[in-house]
Amino acid sequence: MSGHGPVPPPEPLIDADSAGFWQATREGRIALCRCTGCGTWLARPLERCHRCAAPTSFEAVAGTGSIYSYIVVHHPGVPAFAHLVPYVIALVEFDEGPRLPGILLGERGPGVAIGQRVRAELTAFPGAAEHAITFRRVDLPAADFPAARR
Amino acid sequence: MAVREAAVAGIGRTAFSKCSGRTPLAMAAEAARAALDDAGLRPADVDGIIDFSTGDSASGPDVARAVGAVDLGLAMDLQGGGNLAVTVVGQAFAAVRAGTCDVVVVFRSLNGRSGNRYGRGDRPALAMRGDMQFAALNGYVIPPMWIAMFAQRHKHVYGTTDEDFGQIAITFRRHAAANPHAMQRQPIDMDDYLAARWICEPFRLYDCCLETDGAVALVVTSLDRARDLRQVPVRMAGFGEGHTHGGSWTNFPDLSEMYSAYAARRLWASTGLRPADIDVACLYDCFTGTVMATFEDFGFCPKGQTGAFFAEGRATYGGDVVVNPHGGLLSEGYLHGLNHHFEAVRQLRGDAGDRQVAGARHALVTAGAGPAGGALIYEAGQ
């Protein structure tokens, strides 16, 4: 590894159904797949809605959600993130419905709990071809995040 | 015309190791030959082959040719993980019952430790498409992560403790002590379990199965033919699978349960049996959390009660059901679930040596974790 730069994370296999999601991230936006007919948000991008078969498009989301579950990674099994251990990966339920997994930035485990509120952001990890969806807690003490205090 | 019955007539396997130094083809051929010898069949009798892999094995027709079977009426190379370890056997039975084939070899062969390791993210076992493309860039790409995410949700919903997971690991290790083929036979207690290093919280070292090199094969043929062969045939009471929610690890609706919440209905309807009828349960145990969710979903105890069930000795000899008498994937080795079939067949033949479950008549085998998998029940006797 040394002398060859950082090990990149695995690459997503982008196809015509998901291209809109990745295009949005390149423009600094988070947009998920949504049915133009019935309004259903689709966790898995599809050309047509799985409920009503109408065409879909990629629509901006609020970028907020809650921790549905989380893990604390201690064993450096994934080379790209070996230097970060221990770190947290949260499975976040966006307020629109779909869940996405992502690293909970700045966390090492203690204090993280299911149900906590988070905000999504785009992160370019070293060597990665695309931006990852990552998260930060927004329910931290008022001193850190006065506006987000609930 | 009456549907003919099918049965497992032979089982075979290689040594299990951390570094086989052999190809998956060579190991699969050895296991297939052993299974045919066990049955008393010749390679020329084989007219079907079914296997699964994640691109880390040899093709079925290649393995068949390697043992001398060159004319097959059925060859199925399924792509996928442990969720297919019941599918391959279920479809072998279906093919024999339908008359598509007379003798089907089912196998799984992999260098799970010395080759591509599922526990490492350099070459993920699953393609990073579909929902998984959103997991790739965060490195959310290896099974201990996915199943730990389920386990954390189970803790949240049911108040499951670390010790509840530990009871499962400790019980299987104690069983493995009586299994000469097991990779790990040194007993562990709760102090050992809790003192072991974290892998992926809430999983510690002993919550994770043992990446292993090796191969296992079964031979399925008609019951009538099996009755004339070397071993007592082992029949199947039925099977039920659940391939749910597009296989999504992240958007499966309720992470405190697994595919088993769906497959259970099909399993019990297909067999006409109930949990109390099961003497031996070979539960797919890639991680302790998989055992916990699936054991409950299949109805062996109420949700959230697995830890107590194991702690009270109800999952071992003298209890309600002996779960993983061979030690499972956690202690015998990760042969991707096909070793569970090997153990179930030995138990029902009454041929399991020091770890024989007295009077075993019904053996459950489950396969898979998360959104997809299945289960079948073997039945002893003629």
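Below: a short report on this structure. (Residues numbered from 1 in each chain as written. Chains lettered and ligands numbered in written order. Predicted model: local features only at pLDDT ≥ 70, side-chain atom pairs only at ≥ 80, totals over all residues.)

### Observations regarding the overall build of chain A
Stated precisely, the cut-off is as follows: Helix and strand labels come from DSSP, where a helix needs a run of H or I of at least four residues and a strand needs a run of E of at least two; each type is numbered from the N terminus. Here exposure depends only on C-beta density: within 10 Å of a residue's C-beta, 20 or more other C-beta atoms make it buried, 12 or fewer make it exposed, and intermediate numbers make it partly exposed, the C-beta atoms being placed from the backbone. In this description, any two residues whose backbone-derived C-beta atoms lie within 7 Å of each other are considered to be in contact.
A count of helices and strands for chain A gives 1 helix and 8 strands. Counting across all 150 residues of chain A, residues that qualify as buried make up 33%. Considering only contacts in chain A between residues 6 or more positions apart, those separated by 24 or more positions represent 47%.

### Focus: the interface of chain A and chain B
Rules: Note that Gly is not counted as nonpolar here; it falls among the polar residues with everything else outside the nonpolar set of Ala, Val, Leu, Ile, Met, Phe, Trp, Tyr, Cys and Pro and the charged set of Asp, Glu, Lys and Arg. At least two DSSP bridges between two strands are needed for those strands to be called paired.
Contact with chain A, which involves 38 residues of that partner, is made by 37 residues of chain B. Counting only elements with at least two residues in the side of chain A that touches chain B, the list comes to β4 (64–73), β5 (87–94), β6 (99–103) and β8 (132–137) of chain A. Looking at the side of chain A that touches chain B residue by residue, the class counts come to 25 nonpolar, 8 polar and 5 charged. In the sheet, β4 of chain A pairs with strand β5 (residues 198–201) of chain B via 2 bridges, with the strands oriented antiparallel. Of the residues in β5 of chain B, the one forming a bridge with V73 of chain A is C200 of chain B.

### Considerations on the packing of helix α9 (residues 260–271) of chain B against helix α10 (residues 288–297) of chain B
Residue and element names in this part refer to chain B. Spelled out, the test is: Under this scheme, a helix contributes an axis fitted over its contacting stretch, all axes are lines through C-alpha atoms, and angles between N-to-C directions fall in the 0 to 180 degree range. Convention used here: angles under 35 degrees read as roughly parallel, angles over 145 as roughly antiparallel, angles from 65 to 115 as roughly perpendicular, and any remaining angle as oblique. It is the rotation of the near helix from the far one that decides the hand of a crossing: anticlockwise by less than a right angle makes it left-handed, clockwise makes it right-handed.
Close contact between α9 and α10 brings their axes to 8 Å; oriented N to C, the two are set at 40°. Between α9 and α10, the angle falls in the class oblique. Helix-helix and strand crossings are classified by hand; for α9 and α10 the assignment is right-handed. Contacts between α9 and α10 pair S260, A261 and A264 from the former with A293, T294 and D297 from the latter. For the contact of α9 with α10, the residue count by class is 3 nonpolar, 2 polar and 1 charged.

### Focus on the nonpolar core
Residue and element names in this part refer to chain B. Test applied: Structurally, a nonpolar core is described as a collection of buried Ala, Val, Leu, Ile, Met, Phe, Trp, Tyr and Cys residues joined by way of C-beta atoms within 7 Å.
The biggest cluster of nonpolar side chains holds 165 residues, and the ones touching the most others in it are A32, V104, V106 and A217. For this core, the element with the highest residue contribution is helix α1 (residues 24–39), accounting for 8 residues. With residues near it in sequence (within four places) discarded, V106 still touches I50, D51, V88, V89, A92, A217, L218 and V220.

### Some thoughts on the pairing of strand β11 (residues 362–369) of chain B
Residues and elements named next belong to chain B. When you tally the buried positions in β11, you get 8 out of 8 residues, the bulk of the element. As paired elements, strand β9 (residues 280–282) and β11 share 3 bridges and run parallel to each other. Bridging across to β11, C282 finds its partner in V365. Bridge count between β11 and strand β12 (residues 372–379): 8 bridges; the pairing is antiparallel. Bridged to A367 within β12 is G374. Between the antiparallel neighbours β11 and β12 lie 2 residues, among them G370 with a positive phi of about 65°.

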